[in-house]
Amino acid sequence: MRRLITLAVALLALSACGEDAGGIVLPSDPEAPVIQIRSEGGFAPIEQMYSSGPTYTLLGGGRLIYEGPVIMIYPGPLLPNTQVTEVTDEQMSEILAMVEEIGLPDMVSEHDDSAADDVADATTEVITFWDDDGEHVYSVYALGIDTDPVPATAAAVELVNVLSAAASTGVSDEYTGDRVRIIAGVSQTAPEPGFEDIRPWPLAGEDPARWEQLDLGFSCKVFGPETIEPFGDATQVTQWLHPDPMMDAPPFTLMVRYLHPGEPDCPVGG
């Protein structure tokens, strides 16, 4: 049975205008993605872009996956601090009210770049909403910079605020997914002296040359969750010897993380 969420917040807002309130039917699969927010672009190094996941992913059953605090040490851990919590019914109503206020159910793909003249090289926040009609996308350049945003962008700011509040107030656990993405390449940045960490190739029988090829010589493949084990104590400067010991090749940098539901196996257009 599909769960119908009554948007109490939207109902109050719309009744003042004499309009009918709508409703969003959540998927019957509690693990199906409903909303996902990710950052794209900006001046981040390509390795950071490849290693970063979505900021938030909300599932139909109420689980919220999000990126937790970053430990301020060098070198930081290789695996990101991905957390999961449960949103309350009230938070779910607020979130879905913002989805309707943005107008996502009626969008295919729309973009607000009105802040482009105010700031250069900012990130674009991409909001994806899934329903029975498929995928709906609203993206905003430099979200939160514009002091007088259009209504859809103002609602997008509020959506992020509600998701942030849900992540910070709920009881969280470490997130473990069923897909592990590994991206391999040769880093252009050497670790600081004294922090070198070169290890044997951790994936028996796997050659990155046969993986899906991305930009700048990087390659990508998705594995099952059991593949995460060798990377638990690795750091962001750990490097890995070429799988063929006879090859005179520089060591690889690996970017490893659990994928969120709704993410493609490998970066699109990478």
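Computed from a predicted structure; not experimentally measured.

S.K.: Explain the overall build of the protein chain to me, please; I cannot follow it from the model alone.
M.R.: Along the backbone of the protein chain there are four helices and 16 strands. The C-alpha radius of gyration computed for the protein chain amounts to 21 Å, which stays within 12% of the reference 18 Å derived for 270 residues, consistent with globular compactness. Principal-axis analysis of the C-alpha atoms gives the protein chain an extent of 75 × 45 × 35 Å. Among the 270 residues that make up the protein chain, the fraction classed as buried is 43%. The contacts of the protein chain with a sequence gap of at least 6 include a subset with a gap of at least 24, amounting to 73%. Charge separation in the protein chain, taken as the distance between the mean sites of 10 positive and 45 negative side-chain charges, equals 10 Å.

S.K.: Any chance you could explain the state of the cysteines here in plain terms?
M.R.: Per the stated rule, a full pass over the model turns up one disulfide. Residue C220 pairs covalently with C266 via a disulfide, S to S 2.0 Å. Handedness of the C220-C266 disulfide follows from its S-S torsion of about -90°: it is left-handed. In this pair, C220 is assigned in strand β14 (residues 219–223) and C266 in the segment after β16 (252–258), connecting sequence segments 46 residues apart. Judged by its relative accessible area of 9%, C266 is buried.

Criteria and cut-off values
Residues numbered from 1 in each chain as written. Predicted model: local features only at pLDDT ≥ 70, side-chain atom pairs only at ≥ 80, totals over all residues. Heavy atoms only, no water. Helix = DSSP H or I, 4+ residues; strand = E, 2+ residues; numbered from the N terminus. Rg over C-alpha atoms; globule rule 2.2 N^0.38 Å. Buried < 20%, exposed > 50% of the residue type's maximum accessible area, 1.4 Å probe, protein only. Contact = heavy atoms within 4.5 Å. Lys, Arg positive; Asp, Glu negative; His and termini not counted. Charge placed at Lys NZ, Arg CZ, Asp CG, Glu CD. Disulfide = S-S within 2.5 Å.

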